[in-house]
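# Topology and contacts: notes
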Amino acid sequence: MAQVDAKIETMYQEVLKRNPGETEFHQAVLEVLECLGPVVAKHPEYLERRIIERICEPERQIIFRVPWQDDKGKVNINRGFRVEFSSALGPYKGGLRFHPSVYLGIVKFLGFEQIFKNSLTGLPIGGGKGGSDFDPKGKSDDEVMRFCQSFMTELYRHLGEHTDVPAGDIGVGGREIGYMFGQYKRITNRYEPGVLTGKGLTWGGSLVRTEATGYGATFFVNEMLKARKDSFEGKTCTVSGSGNVAIYTIEKIHQLGGKCVACSDSNGVIYDEKGLDLDLIKRLKEVERRRIEDYIKTHKHAKYVAKGNIWEIPCQVAMPSATQNEINGKDAATLVKNGCIAVGEGANMPTTPEGVKVFLEAKIAYGPGKAANAGGVATSALEMQQNAGRDSWTFEYTERKLEDIMINIHNNCFETAEEYGASGNYVLGANICGFIKVANAMVAHGLI
Ligand code: GLU
C-alpha cells in the first residue's frame, strides 16, 4: 500500500504544479485521490494506463470574453468558462454558475466533482461545468438577457445534445436558461431542446427538474437515516441558503415529517422556531427576488441575525445548500456537539476537509455533495431522455424515478464503503464507486 500511496501523492503534487492557485480544484482532487489507494491496488491497469492523471486533466477548457451593455449604455466585460472535463460516460454535462467569485479554479473543482457525481447517477452523462464572473444580483431582466445572449454567442459552437449539455447552478435558473436557449435557437436555426436542461415546462423542460436537487438530497438523507433505523419524523433541521436547492430541500423535509427552523442568504440567517413558512420564502426569493431578511417583516416572531452563523443553531439534521466551504472544522464540531446526527450536502463541496474529518470521526451519517446532490443532474438526464423521445412525463412518474435513483446511489455508496472495509463512510463509497465506472470506460476506449 505504501508504494501505491506514494504514487498517488506524486500525482497530487503534479496537479498542484500544473494548476497553480486553483485551491478549490486542489481540494476536490485531493478528496478523491485520498480514497483511491485500495482501488489501484486491486486494479494495476489503472496505474499502467495512467487513468488518474488523465482524469485530473480536463479534455478541453474554453475561456472567452463576454462583452455586454448595461441599461445606461455602458460597456461591461466579463469572462466566460466551459470546462469539458470527461466524456467517458456520455456528453459533457453540468451546470453554469454566474457569480463574481467564479474563476478557472472554481469551474474546475465543480467540473471534476461532476464527473463522479454523474457517474453515480447511473445515467449516460459525462462531466463538465462552466460559468462566468458576471454578478446577476441587482441587474435588470434586460441586462441579464443581454449578458446571456452574449455568453451564448460564443458558447453555442461548443454545445450539442451529443456533445455538451449545460444547465443551471448558482445564479443561473429558468430565466437565464430561457435567454440562452432563445439565443442558441436563433444562431443555429434549430429547435434543439436537448442542448440545455432546466428549460421551462412549455418549451421542453421536465417536471420535477426545479425541485430535483433539493428533493434528491432529502431522499438521500432519508436513506441514510433508514440505514440507521431512523427517519425525518419530528427532526429539527437547518438548511443553509435560500435559493433553488434550499427551498426544495425545506419542502421535502416538511413532507417527510421534519421541521426546518432556519435558512440563510449571504447577508444573514432566519430562525423561526415554529418551522419556516415556505410559501413566504418562495414568494420572496422566486417571485420578488428579495433578501431573506424581509421574512421578519410579516413574521415578527422569527429572528434575523445579520452575518449570523446558521451552524450554531442546534439541529439533528443539517443540509448545507448554499456554496463551497461554508462549514469549517469549528462549525462541524459545533453541529456534532449540539446533537446533529446527519448532514446531507445540497451544495457542492460545502464542507472543508477539516469539517469532513470531524463528521467522519464522529461517525454521524454524512452524505457528501457528489452523492447527495446528484438528483439535480440526474433529473437533467431524465429531461434529456424526454427530449430525445419527444415526450413529457407526469410529476409523479418523474419524482418516483428520481427517488429510485437516489436510493440506488445511496445503496451503491453504502455497499462500496462496506466492500472496502469502511462501513458507513459515504465519502469513500461515493468516490470509489463514481471513479471505477469512469476508469473502466476509459480503459475500454483506449488511449484518447
Ligand atoms: N449544477 C447542478 C449540479 O451541480 C446541476 C447540473 C445539471 O443539471 O446539469 O449538479
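Quick note: structure is the one above.
Notes on the structure in this doc start here. Since this is a predicted model, take the numbers as computed values, not measurements. (Residues numbered from 1 in each chain as written. Predicted model: local features only at pLDDT ≥ 70, side-chain atom pairs only at ≥ 80, totals over all residues. Heavy atoms only, no water.)

## Notes on the site of the ligand
The environment of the ligand is made up of 14 residues, and the closest members are Lys93, Lys117, Gly168, Asp169 and Ser380. A distance of 2.9 Å separates an oxygen atom of the ligand from a polar atom in the side chain of Arg209. Here the ligand, which alone exposes 300 Å², has 95% of that area covered by the protein. If you list the elements that add at least two residues to the shell around the ligand, you get β3 (92-98), α6 (104-120) and α16 (374-388). (Near = heavy atom within 4 Å. Polar contact = N/O pair within 3.5 Å; in protein donor to acceptor, adjacent residues only side chain to side chain. Areas by Shrake-Rupley, 256 points an atom, 1.4 Å probe, with all protein chains shown as cover. Helix = DSSP H or I, 4+ residues; strand = E, 2+ residues; numbered from the N terminus.)

## Some thoughts on the sheet that holds strand β7 (residues 259-265)
Read from one edge of the open sheet, seven strands run β9-β8-β7-β6-β10-β11-β12, paired in mixed fashion. At either end of the open sheet lies a strand with only one pairing partner, and these are β9 (303-306) and β12 (365-367). The average angle at which neighbouring strand axes cross in this sheet is 15°, direction not considered. Sheet topology note: the strand β6 (residues 236-239)/strand β10 (residues 317-319) ladder contains three bridges and is parallel. What sits directly across from Cys237, in β10, is Val317. (Pairing = 2+ DSSP bridges. Axes fitted to C-alpha atoms, helices over the stretch in contact; angles between N-to-C directions.)

## With respect to the environment of Glu57
Mapped onto the secondary structure, Glu57 falls in the loop between α5 (51-55) and β1 (60-69). Considering only alpha carbons, one finds Glu57 and Phe112, 55 residues apart in sequence, at a separation of 9.2 Å. The contact partners of Glu57, leaving out residues within four places of it in the chain, are Arg18 and Phe85. (Contact = heavy atoms within 4.5 Å.)

## Quick look at the nonpolar core
Core analysis: the biggest nonpolar cluster contains 61 residues, and Leu33, Ile52, Ile55, Phe112 and Phe435 have the highest contact counts within it. Excluding anything up to four places from it in sequence, Phe435 contacts Leu36, Val39, Tyr46, Ile51, Ile52, Ile55 and Phe116. Membership of the second largest hydrophobic core comes to 54 residues, among which are Leu120, Leu123, Ile292 and Val377. (Core = buried A, V, L, I, M, F, W, Y, C linked by side-chain atoms within 4.5 Å. Buried < 20%, exposed > 50% of the residue type's maximum accessible area, 1.4 Å probe, protein only.)

## Focus on helix α14 (residues 353-362)
Listing the buried residues of α14 in full gives Gly355, Val356 and Phe359. Axial view of α14: buried residues confined to an arc of 100°, hence all on one face. Exposed residues pointing more than 90 degrees away from the buried face of α14 are listed as Lys357 and Glu361. On its buried face, α14 sits against α13 (329-337), β11 (342-344), β12 and α18 (426-445). Directly after α14, the chain includes Lys363, whose backbone phi takes a positive value near 55°. (Arc of directions from axis to C-beta.)

## Remarks on the side chain of Lys93
Positionally, Lys93 belongs in strand β3. For Lys93, which is buried and forms no salt bridge, the nearest opposite charge comes from Asp164, at a distance of 7.1 Å. Within the structure, Lys93 has its side chain in polar contact with the side chain of Thr197 (distance 3.0 Å). (Lys, Arg positive; Asp, Glu negative; His and termini not counted. Salt bridge = Lys/Arg side-chain N within 4 Å of Asp/Glu carboxyl O.)

## A look at the packing of helix α9 (residues 209-227) against helix α17 (residues 395-419)
Put simply, α9 and α17 touch, their axes get as near as 9 Å, and they point 45° apart. Comparing the axis directions of α9 and α17 gives the class oblique. In the crossing of α9 with α17, the sense of the turn from one axis to the other is right-handed. Listed contacts from α17 to Glu211, Ala212, Tyr215, Gly216, Phe219, Phe220, Glu223, Met224 and Ala227 of α9 are Phe395, Glu399, Leu402, Glu403, Met406, Ile407, Ile409, His410 and Phe414. (Parallel < 35°, antiparallel > 145°, perpendicular 65-115°, else oblique. Left-handed = near helix turned anticlockwise from the far one by under 90°.)

## Digging into the pairing of strand β5 (residues 164-167)
Along β5, one buried face is formed by Asp164 and Pro166 and the opposite face, lined by Val165 and Ala167, is buried too. By the bridge criterion, four bridges tie β3 to β5 in an arrangement that is parallel. When the sheet's bridge partners are listed, Gly94 is paired in β5 with Pro166.

Don't take any of this as a statement about function, it's just geometry.
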